[in-house]
Amino acid sequence: MSESVPGLAPEVFAPAEAPVSPSRASEEVEFVQLLTPEGERVEHPDYSFDLDDEAIKGFYRDMTLVRRIDTEATALQRQGELGIWASLLGQEAAQIGSGRALNKKDMVFPTYREHGVAWCQGVDPLNLLGLFRGVDQGAWDPRDNNFHLYTIVIGAQTLHATGYAMGQQRDHAVGDPEDGEATIAYFGDGASSQGDVNEAFIYASVFNAPVVFFCQNNQWAISEPIDRQTRIPLYQRAAGFGFPGVRVDGNDVLATYAVTQQALKRAREGSGPTLVEAYTYRMGAHTTSDDPTKYRLSEDLEYWKLKDPIERVKAYLARSAGVDHDFFDAIDAEADQIAARLREGCLSMPDPSLTDFFDHAYVEQTAQLVEQKAQYTAYAASFGDTAEER
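Residues numbered from 1 in each chain as written. Predicted model: local features only at pLDDT ≥ 70, side-chain atom pairs only at ≥ 80, totals over all residues. Heavy atoms only, no water.

As recorded by an unreviewed UniProt entry, the chain carries the name Pyruvate dehydrogenase (Acetyl-transferring) E1 component subunit alpha and is attributed to Kribbella alba. If you open the UniProt record of the chain and go to Cofactor (unreviewed entry), you find "thiamine diphosphate". (UniProt positions renumbered as here; feature names shortened; annotations may be inferred.)

1. Quick look at the nonpolar core
Leu129 and Leu317 are the most contacted members of the largest nonpolar core, which has 69 residues in total. Core analysis: the next-biggest nonpolar cluster, separate from the first, contains 21 residues, Met166, Phe201, Phe213 and Cys215 among them. (Core = buried A, V, L, I, M, F, W, Y, C linked by side-chain atoms within 4.5 Å. Buried < 20%, exposed > 50% of the residue type's maximum accessible area, 1.4 Å probe, protein only.)

2. Describing the UniProt feature "domain: Dehydrogenase E1 component" (unreviewed entry) in the chain
Per the UniProt record, the feature "domain: Dehydrogenase E1 component" (unreviewed entry) sits at residues 61-337. Secondary structure content for residues 61-337 is 45% helix and 11% strand, while the C-alpha to C-alpha distance between its ends is 14 Å. (Helix = DSSP H or I, 4+ residues; strand = E, 2+ residues; numbered from the N terminus.)

3. What about the side chain of Gln216?
On the secondary structure map, Gln216 appears in strand β3 (residues 211-217). Given the relative accessible area of 3%, Gln216 is considered buried. Polar contacts involving the side chain of Gln216 include one to the side chain of Gln91, which spans 3.0 Å. Ignoring any residue separated from it by four or fewer positions in sequence, one finds Gln216 in contact with Gln91, Ala94, Gln95, Glu114, Tyr186, Phe187, Gly188, Asp189 and Ala278. (Polar contact = N/O pair within 3.5 Å; in protein donor to acceptor, adjacent residues only side chain to side chain. Contact = heavy atoms within 4.5 Å.)

4. Remarks on unusual backbone geometry
Its identity is not glycine, yet His172 carries a phi of approximately 60 degrees, on the positive side. By relative accessible area, which is 72% here, His172 ends up exposed. Located in the positive-phi region is Ile222, a residue other than glycine, with phi close to 55 degrees. Along the chain, the position of Ile222 falls in the loop between β4 (220-221) and β5 (224-225). Given a relative accessible area of 40%, Ile222 falls into the partly exposed group.

5. Examining the pattern of salt bridges
Per the stated rule, a full pass over the model turns up 19 salt bridges. Notably, a salt bridge pairs Arg100 with Asp62, separated by 2.9 Å at the nearest N-O pair. Within this pair, whereas Arg100 is found in the loop between α3 (92-99) and β1 (107-109), its partner Asp62 is found in helix α2 (residues 53-78), the two being separated by 38 residues in sequence. Accessibility expressed as a relative area gives 3% for Asp62, which makes it buried. Between Asp336 and Arg68 there is a salt bridge, with the nearest N and O atoms lying 3.4 Å from each other. Placement of Asp336 in helix α13 (residues 325-347) and of Arg68 in helix α2 is noted, with a sequence separation of 268 residues between them. (Salt bridge = Lys/Arg side-chain N within 4 Å of Asp/Glu carboxyl O.)

6. Thoughts on the pairing of strand β6 (residues 245-249)
Within a regular beta strand, the side chains point alternately toward one face of the sheet and then the other, so they alternate between its two faces. Counting buried positions along β6 gives five out of five residues, so the element sits mostly inside the fold. Crossover β6 to strand β7 (residues 274-279) through helix α10 (residues 253-268) is right-handed. (Right-handed = clockwise from strand over helix to strand, strands pointing away.)

7. Remarks on α13
Taking 1.5 Å per residue as the helical rise, α13 with its 23 residues ought to reach 33 Å, and the 33 Å between its terminal C-alpha atoms agrees with that figure. Those residues of α13 that fall on the buried side of the exposure criterion are Phe327, Phe328, Ile331, Ala335, Ile338, Ala339, Leu342, Gly345 and Cys346. The opening residue of α13, the one whose side-chain oxygen lies 3.1 Å from the backbone nitrogen of Asp326, is Asp324. (Expected span 1.5 Å × (residues − 1).)

8. As for helix α5 (residues 125-133)
When α5 is considered as a whole, its buried residues turn out to be Pro125, Leu126, Leu128, Leu129, Gly130 and Phe132. A distance of 2.9 Å separates the backbone nitrogen of Leu126 from a side-chain oxygen at the start of α5, and that oxygen is part of Asp124. Following α5 by one or two positions, Gly134 has its phi on the positive side, about 90 degrees.

9. Digging into the side chain of Arg67
Its location among the elements puts Arg67 in helix α2. Here Arg67 falls in the buried class, since its relative accessible area comes to 19%. Once residues lying within four places of it in the same chain are set aside, the contact partners of Arg67 are Leu89, Gly90, Glu92, Asp308, Pro309 and Ile310.

10. Quick notes on the environment of Val197
Structurally, Val197 is set in helix α8 (residues 195-206). For Val197, a relative accessible area of 0% puts it in the buried group. Residues Val197 and Arg247 lie 50 residues apart in sequence; the distance between their C-alpha atoms is 18 Å. Here Val197 is in contact with Gly155, Thr158, Phe187, Ala191 and Ser192, once residues within four sequence places are set aside.

11. Focus on a nonpolar patch on the surface
Together, Ile202, Tyr203, Val206 and Phe207 make up an exposed nonpolar region whose accessible area comes to about 400 Å². By secondary structure assignment, the location of Ile202 is in helix α8. On the basis of relative accessibility, which here comes to 43%, the residue Ile202 falls in the partly exposed class. (Patch = residues over 30% accessible without salt bridge, like charges linked within 9 Å, V, L, I, M, F, W, Y side chains within 5 Å. Areas by Shrake-Rupley, 256 points an atom, 1.4 Å probe, with all protein chains shown as cover.)

12. Topic: the packing of aromatic side chains
Scanning the model with the defined rule gives 27 aromatic pairs in all. Summarising the aromatic geometry, the rings of Phe132 and Tyr150 are spaced 6.3 Å apart at their centres and angled 70 degrees between planes, so their arrangement reads as edge-to-face. Highlighted residues: Phe132 in helix α5 and Tyr150 in the loop between α6 (142-145) and α7 (156-170), separated in sequence by 18 residues. Like Tyr150, Phe132 is buried. Between Phe201 and Phe241, the aromatic rings sit 5.1 Å apart at their centres with planes inclined by 75 degrees, giving edge-to-face as the arrangement. (Phe/Tyr/Trp six-rings, centres within 6.5 Å; stacked < 30°, edge-to-face > 60°.)

Below, the structure is given as structure tokens:
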């Protein structure tokens, strides 16, 4: 066994393991778990969940509402109202657990699937739909919610996050585990093979950057299984770069919260980066343009449905926390209201004006762009309509 790192679970620094099938992976993989699929609380020697049942009820609400947002967005795409949608189905615990571990100063660098983290940071889901509808290129200001714009280029956000974290160092914002600043970068198992991600690991390690690399290992990089990405568990890669890695049950919101909270504290106090591998499963398609039935077995999906992140929390609340049906019914009603608002808001989004692209290229307009805009406006007018209508 490799040498343990203070403050991190020693058993997750295990020797290399042979890859296993996603259908039986979670039975053979060691990870940090605090809530079983059956809804039973369990202890872990190095991680604990120190919040009360009210916080767990809040997590249940978060995950349920985010799943409803995801379901509505998928339906809108199927009806031709969105160009594409990247579903988070099955990954709610990984996103809500890690998202709720952030403080108000931490900065998030997402991929294009972190709708749950966006929810935690207060980003209006309608802003996410605007991007996928094609009416804008991301209508939220990262400074308002400490949530950067979605990154479509696979893995590029890890470099952005590392650079931002190095800036936090130079601004002397690091040193206090509670009130300091850290950065978290989200990426998937497929992105772990990208050069950008590995370069980010090098820079973060060498400069001891206050960044948490949060990998949602959902077993599939579009149609490529995890054994095409790595011969060892992903979290073990961190050791080769000189910083700790830990694997957590990505369908356990309590464990994800506890592990991410500790990794963020470590970053804020100046102890450097951590790689968190959230071991989960992509229940839906990669995006709405994908058909997962072409490359994975239906029994794998059925197996992972038994480990649903929301159902295990519901089971705990009902059996152990005395929560009655009225609570769950109220959350379902709230979810329906949010879905209705999303649908109405999406359908009423105005089409973008193409001339806006010239205005928004730079903070200050350039002479060249002024000329290009005039040329385009004249060209569109030659068809008998305005540039805004084309």
